[in-house]
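Commentary on secondary and tertiary structure
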Amino acid sequence: MEILRIEKLNAGVGDNIIIRDINLKLFTRESILLLGPNASGKSTLLNSIAGNPRIKIFNGSIFYNNEDITSLDPVKRNEKGISIMIQNPPRLRGVKTRKLFDKICSRHIKSIVEREKEINEISKALQIQHLLDRDYGHGFSGGELKRAELATLIFSRPRLALIDEPDSGVDIDSIIIMATVIKDHLMNNIDGMILVTHTGGIVKYIETSRSYVIYNGRIIYEGETSYVLSKIFSEGFRSLLESR
Amino acid sequence: MSKKSVLEEIREKALKGLDKSSPYGVDVDIEKIFAQPSESSVDYEKKLMSLGIDLKQRGSGTYLQLDNIIKQYSSMYPGVEVLSIEDAVENRWDEIKDFYWRLIDPSTDKYVAYTALRGRGGFYIRAKRGTKTLLPVQACMIMSGGAQLLHNIIVVEEDAELMVLSGCLAALERLSLHVGVSEIYLMPRSKLYFIMIHSWTQVNHVRPRTTVLVGDEAEYIDYYINISDVSTLQTFPKIIVRGDDAKVSSYNIILGSGSSKYDVGTNVVLDGEGSSAQIISRIVVKDSSEVINRLRAEAHKRSSKAYLECNGLLLSENSRIYTIPELDAHHPDTDLYHEASIGRLRDEEIEYLLMKGISYRDAVSMLIRGFIDVSIKIPNQKINEYINKVLDLFASKSSV
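Residues numbered from 1 in each chain as written. Chains lettered and ligands numbered in written order. Predicted model: local features only at pLDDT ≥ 70, side-chain atom pairs only at ≥ 80, totals over all residues. Heavy atoms only, no water.

The next thing to look at is the overall build of chain A. Helix and strand counts for chain A come out as 8 helices and 10 strands. Radius of gyration (C-alpha) of chain A: 17 Å, near the 18 Å computed for a compact globule of 244 residues. If you line up chain A on its principal axes, its C-alpha atoms span 55 × 40 × 35 Å. When each of the 244 residues of chain A is scored for burial, the buried share is 57%. Split by element, the accessible area of chain A, about 10,400 Å² in all, is 47% carbon and sulfur. The averaged location of the 30 negative side-chain charges in chain A is 4 Å from the averaged location of its 34 positive side-chain charges. (Helix = DSSP H or I, 4+ residues; strand = E, 2+ residues; numbered from the N terminus. Rg over C-alpha atoms; globule rule 2.2 N^0.38 Å. Buried < 20%, exposed > 50% of the residue type's maximum accessible area, 1.4 Å probe, protein only. Areas by Shrake-Rupley, 256 points an atom, 1.4 Å probe, with all protein chains shown as cover. Lys, Arg positive; Asp, Glu negative; His and termini not counted. Charge placed at Lys NZ, Arg CZ, Asp CG, Glu CD.)

See below:
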């Protein structure tokens, strides 16, 4: 069964169309990879699905569990189970990391003690306990920020997880930590996942069945992950464009 | 000089100030407000509880005044004394005479002059030498209408440590004026935490007049939070650091809402070697409110340091923040800094929180709560919890 269907989506920022004629499907219990070079439109597509108010939908539709959510606000999408790990989350001055985690957790866990337990468990797994009493994002290293951002995704208990470039600009240790947490605390509890990468660093640790490749705002290839990855790693993204 | 002569001299000085407007803020017709009725049967306890002030909680002392009626005052800790100012003048003249109208000239302006001539009530709090307690003296001033003109004195003697939690509020929405003339003395090596929470209504005028004298190695920490509408509020407290190696930390958190007009600030004079001051303010304005914030540091002696910081947040197009930081150095070996910024909540941050499933109102409230968090820790867990609750209330009111 299909949980996500995107039809002829054109979206961008302001008057600038960034992604064009996007068609994409995600089936139940499926994890797919979205690949593409820098500035190809991967984040725009993920943010379109999450309902980022900054993204303007010019035309096309997004269906989630057969419901048209194209114009649904991000809070309602989140309530329905769509949640995103942002590529570059903002730094929130004065907002303690623990407080942000607790606020996100509070939608699913009423007991303060249980929330505290969950926050401590996930923070320990992501090795970010030392950040809990600091302002969110302030003074975090690149890897710490990615791991904290992944925590927010897990605390929102998504049905559809959108993970935007967890592996860009971080060391291999952080990638392994995140991949372990995604496998142990996320993948068993979700209906589907879209994982975005342009470096491919995380694909060694997380298995996906299919891949989409986006280039200059258009999907240029869809196929088995193993084939796509071998092609890209040996010949680059352009090779897929040329082989169309 | 006899008591009678001193009181006569104060009166003479005050008479000269009756027609003197304040250089700052909106001018208020005091006589008109005197004619306004008050309501002595008002239920103020509920109102106090809404601010989180529970008079039944154990403290080191209590002072409670409704309009011009002194309801109660008591000391509950050895070495801490709480009296009404009238009681102190009547029965403790020898003790109070060195502090009574010594820091503030009764002719300063008409608000001070009226208080000297026609004021009723106010507290006299004294922590005796070496007394140390972090159980607060709770001082509550409630207004139901008319003029409430108070004269307060706090004396913290050598090596003493005291905390005063002062809640001033309007129990009814009636035209009124609150003037609190406060003279605060910190003797060598003493420490005072002075926490003030104000909650007014849109028809109240408020004119606090405060001067603090800080002695050698003493430390003065004040924390002022205002969470409500007001008609006008003008204050420019002066902190004179006379002692060497003394410290001042002052935090002002103000919410301007409705059509409130604020003219606030802090003026610190560093006149002791190695003395330092940190003045931090956070201003949030919405609706059509206006806040003028004056921060001033003056340094006269070597190795003195001051840091002024004013951050403002505008939540509406019709509101205004005008911040005026001033540094005045009279000695080459001083370090004076200021930082100021005014802006709005960043869309990117709100959008981020929306995508995390947090409602717009909660997102704004969370960001405002972060903005006003000046991360001070008071060594009393209950007081910290209390302040956090007030700041939560501040953030939630800001986001409506």
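From this point on, the discussion continues.
Along the backbone of chain B there are 9 helices and 20 strands. Seen along its three principal axes, the alpha-carbon backbone of chain B occupies a region of about 70 × 55 × 45 Å. Accessible surface for chain B amounts to roughly 15,500 Å². Of this, 45% is attributable to carbon and sulfur atoms. A distance of 3 Å separates the average location of the 48 positive side-chain charges in chain B from that of its 55 negative side-chain charges.

It is worth spelling out the interface of chain B and chain A at this point. Each side of the interface is counted separately: chain B has 21 residues, and chain A has 28 residues. Between chain B and chain A, the buried area comes to about 2,100 Å², and carbon and sulfur atoms account for 61% of it. On the chain B side of the contact with chain A, Y352, M355 and K356 of chain B bury the most area, a combined 36% of that side's loss. The interface formed by chain B and chain A contains 4 salt bridges. Here K96 of chain A ties to D373 of chain B by a salt bridge, and the two come within 4.0 Å at their closest N and O atoms. At the junction of chain B and chain A, the tally comes to 8 residue pairs in polar contact (both at pLDDT 80 or more). When contributions to the side of chain B that touches chain A are tallied by element, the ones reaching two or more residues are α7 (347–355) and α8 (360–371) of chain B. Sort the elements by how many residues they give to the side of chain B that touches chain A and α7 of chain B lands first, with 8 residues. Broken down by class, the residue content of the side of chain B that touches chain A amounts to 8 nonpolar, 5 polar and 8 charged. (Contact = heavy atoms within 4.5 Å. Buried area = accessible area lost by both parts, 1.4 Å probe. Salt bridge = Lys/Arg side-chain N within 4 Å of Asp/Glu carboxyl O. Polar contact = N/O pair within 3.5 Å; in protein donor to acceptor, adjacent residues only side chain to side chain. Nonpolar A, V, L, I, M, F, W, Y, C, P; charged D, E, K, R; others polar.)

Right, let's talk about the nonpolar core for a bit. By size, the foremost hydrophobic cluster in this structure holds 129 residues, and its most contacted members are L4, L24, L100, M193 and I194 of chain A together with Y223 and I225 of chain B. Residues contacting L4 of chain A, with those up to four places away along its chain left out, are L24, K25, L26, I49, I62, F63, L160 and I194 of chain A. Residues V82, W200, I239 and I254 of chain B belong to the second largest nonpolar core, which totals 54 residues. (Core = buried A, V, L, I, M, F, W, Y, C linked by side-chain atoms within 4.5 Å.)

Now for the environment of K25 of chain A. Residues and elements named next belong to chain A. Along the chain, the position of K25 falls in strand β2 (residues 16–27). Among the residues examined, K25 registers a relative accessible area of 37% and is labelled partly exposed. Separated by 131 residues in sequence, K25 and S156 place their C-alpha atoms 23 Å apart. Those residues in contact with K25 that sit more than four places away from it in its chain are E2, L4, R5, E30, I32, R210 and Y212.

This brings us to unusual backbone geometry. Positive phi is not limited to glycine here, since N65 of chain A has a value of about 50 degrees. With respect to the helices, strands and loops of the structure, N65 of chain A is situated in the loop between β4 (56–64) and β5 (67–68). In this structure, S303 of chain B takes a positive phi of about 60 degrees despite not being glycine. Relative to the helices and strands, S303 of chain B is located in the loop between β17 (290–299) and β18 (304–314). For S303 of chain B, a relative accessible area of 30% corresponds to the partly exposed category.

With that out of the way, let us pick up the pairing of strand β14 (residues 247–256) of chain B. Sheet faces and side chains relate simply in a regular strand, where the side chains alternate between the two faces. Residue and element names in this part refer to chain B. Burial runs high along β14: 9 of the 10 residues are buried. With 8 bridges joining them, strand β11 (residues 219–226) and β14 adopt parallel strand pairing. For D222, the partnering residue across the bridge sits in β14 and is S250. In the sheet, β14 pairs with strand β16 (residues 276–285) via 10 bridges, with the strands oriented parallel. The partner of I254 across the bridge, within β16, is I283. (Pairing = 2+ DSSP bridges.)

Turning to the sheet that holds strand β6 (residues 82–85) of chain A, a few remarks are in order. All names here are of chain A. Spatially, 6 strands are ordered β6-β7-β8-β3-β9-β10 in an open sheet, and the strand pairing comes out mixed. Bordering the open sheet on either side are β6 and β10 (218–224), each of which pairs with just one other strand. For this sheet, the mean inter-axis angle between neighbouring strands, taken without regard to orientation, is 20 degrees. As defined by bridge partners, strand β3 (residues 30–35) adjoins strand β9 (residues 210–215) across 4 bridges and the pair is classed as parallel. Residue pairing across strands places L34 opposite Y212, the latter belonging to β9. Contacts between helix α6 (residues 172–186) and the sheet are confined to β6, β7 (160–164) and β8 (192–197), with β7 contributing the most and set at about 175 degrees to the helix. (Axes fitted to C-alpha atoms, helices over the stretch in contact; angles between N-to-C directions.)

Residues and elements named next belong to chain A. One can find R147 in helix α5 (residues 142–155). We note that R147 is buried and unpaired, the nearest opposite charge coming from E144 at a distance of 5.1 Å. A polar atom in the side chain of R147 sits 3.1 Å from the side chain of S174. When residues no more than four places from it in sequence are discounted, the contact partners of R147 are L126, Q127, I128, S174, I177 and M178.

A separate point is the side chain of R210 of chain A. Residues and elements named next belong to chain A. With respect to the element layout, R210 can be found in strand β9. Residue classification places R210 among the buried positions, given a relative accessible area of 15%. Among the polar contacts made by the side chain of R210, one reaches the main-chain carbonyl oxygen of K25 at a distance of 2.6 Å.

The pairing of strands in a sheet happens through backbone hydrogen bonds and is either parallel or antiparallel. All names here are of chain A. If you walk across this open sheet you meet the 4 strands as β2-β1-β4-β5, and the pairing is antiparallel. Each edge of the open sheet carries a strand with a single partner, namely β2 and β5. Across 8 bridges, the pairing between strand β1 (residues 2–13) and β2 is antiparallel. Counted as the bridge partner of A11 is I19 from β2. In the packing of helix α1 (residues 42–50) onto the sheet, the strands contacted are β1, β2 and β4, and the crossing angle to β1 comes to about 115 degrees.

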